[in-house]
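Summary of structural features
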Amino acid sequence: MKKIEPRALRDAFGQFMTGVTVVTCLDETGRPVGFTANSFSSVSLTPPLLLVCPGKFLTSFKAFNACERFAVSVLSEGQEDIANVFAGYKGDRFSRVGHAIDASGVPVIEGAVASFSCRTHQVMPAGDHAILIGEVMDFSQSEGRGLGYAGGRFFSLGLEHKARDPGARTNICGALVEANGGVLLKPSPEGYRLPECVAPDRTSLRDCLRDELQGLGMDVELGPVYSVFDDQSQGIHFAYLRAQATNVASTAGYENIPFSELSGLTFRSAATAHMLERFAEEARTRNFNLYLGDAVSGETHQIQARA
Ligand SMILES: Cc1cc2nc3c(=O)[nH]c(=O)nc-3n(C[C@H](O)[C@H](O)[C@H](O)COP(=O)(O)O)c2cc1C
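Residues numbered from 1 in each chain as written. Predicted model: local features only at pLDDT ≥ 70, side-chain atom pairs only at ≥ 80, totals over all residues. Heavy atoms only, no water.

**Focus: the packing of aromatic side chains**
Each aromatic ring pair is specified by the distance between its two centres and by the angle formed by the two planes. Counted by the stated rule, this structure contains 14 aromatic pairs. The interplanar angle of 25 degrees and the centroid separation of 6.2 Å between the aromatic rings of Phe 116 and Phe 139 together place this pair among those described as stacked. A residue pair is termed long-range when its members are at least 10 positions apart, and Phe 116 in strand S9 (residues 114–126) and Phe 139 in strand S10 (residues 129–141) qualify at 23 residues. A residue is classified by how much of its surface remains accessible, and Phe 116, at 18% relative accessible area, is buried. With a centroid separation of 5.4 Å and an interplanar angle of 25 degrees, the aromatic rings of Phe 279 and Phe 288 are classed as stacked. For the pair shown, Phe 279 and Phe 288 are each scored as buried. Here a set of aromatic residues connected by ring pairs shows up, and it is made of Tyr 226, Phe 259, Phe 279 and Phe 288. (Phe/Tyr/Trp six-rings, centres within 6.5 Å; stacked < 30°, edge-to-face > 60°. Helix = DSSP H or I, 4+ residues; strand = E, 2+ residues; numbered from the N terminus. Buried < 20%, exposed > 50% of the residue type's maximum accessible area, 1.4 Å probe, protein only.)

Laid out in structure tokens, this is it:
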């Protein structure tokens, strides 16, 4: 018989496209626990049943194996951060994510495209996982698309559609906020990120960014455009502006990272990493250039130096 390598099998299973859910319950002390799961499946309409497979490796496995109630929240496009929190963050996951409490006291994720509150119907051991079958006691559904997962990566049908329609791109505008020889960055499981917003069109990038930064409690003066590029594969147009913090308190989880430490960090995308490497280099002489191109290649243009 052919020896089945778990790693290779996991990759092959990963070819099956799924949605992404967060499964939650209360542990024996009444503390909420949760994990990201793509093993969700609908099972039956009458009676209303669904299933999800918690792994025995989960720190919360004991809770899911014994729970009488649990909930499944189907994440929506744009909730990748929440999926990452519930897949990797080791602290209080619920303090990082907006949630409501269902009739059984179990948290459900805010902004999910659907959520199901369940009574445990059956738990079956199954190899290194268990099959947790729930009877749906209540559910809700909202407009929008679910977040996708395939080949170990998240995907969004909305962005895929936009990528095919060049007229309908997503516009993301971000800021390199300088504060005392550093840049404000937020750590996330996927790497450090800059403050960003999704703008409705390319004519309102600055306003959108100003509102976003204000919302984050950052006191900043927006400066010139620093980098403009398209990511063809995702259909996203990025524009980053320089900005100066006028009040340096670190806010909303953003940390002031010194220029000298930027090159050693992991960023959410290679394009962000390149941009910040260039920024750290140019900040030494205060001779900033403008980058125009795509996420992989482009040109830097000399612009008038401004302190
Ligand atoms: C997209 C995705 C799907 C996942 N699906 C499952 C799953 O179905 N069952 C499972 O046990 N773990 C799954 N995981 C892994 C768990 O989310 C992860 O191991 C867990 O949150 C770790 O929690 P712990 O630190 O409390 O052990 C998945 C992770 C991701 C990113």
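The discussion continues.
**Quick word on the domain arrangement of the protein**
Annotation of the protein at the domain level lists domain 1 (15–150) and domain 2 (164–302). A separation of 34 Å is found between the C-alpha centroids of domain 1 and domain 2. (Domains from an automatic or database assignment.)

**Looking at the state of the cysteines**
Counted by the stated rule, this structure contains one disulfide. At a sulfur-sulfur separation of 2.2 Å, the disulfide partner of Cys 197 is Cys 208. Of this pair, Cys 197 sits in strand S15 (residues 196–199) while Cys 208 sits in helix H5 (residues 205–215), and the two are 11 residues apart along the sequence. As far as burial versus exposure is concerned, Cys 197 and Cys 208 are alike and both buried. (Disulfide = S-S within 2.5 Å.)

**A look at the pattern of salt bridges**
For the structure on display, the rule yields 12 salt bridges. Notably, a salt bridge pairs Asp 81 with Arg 268, separated by 3.3 Å at the nearest N-O pair. Of this pair, Asp 81 sits in helix H3 (residues 80–88) while Arg 268 sits in the loop between strand S18 (255–258) and helix H6 (270–285), placing them 187 residues apart in sequence. Taking relative accessible area as the criterion, Asp 81 reaches 30% and is therefore assigned partly exposed. (Salt bridge = Lys/Arg side-chain N within 4 Å of Asp/Glu carboxyl O.)

**Description of the environment of Val 183**
By secondary structure assignment, the location of Val 183 is in strand S14 (residues 182–185). With relative accessibility at 0%, the residue Val 183 sits in the buried group. With 14 residues separating them along the chain, Val 183 and Arg 169 place their C-alpha atoms 28 Å apart. Leaving out residues up to four positions away in the same chain, Val 183 has contacts with Leu 176, Val 177, Leu 194, Glu 255, Asn 256, Ile 257, Phe 259, Leu 262, Leu 276 and Phe 279. (Contact = heavy atoms within 4.5 Å.)

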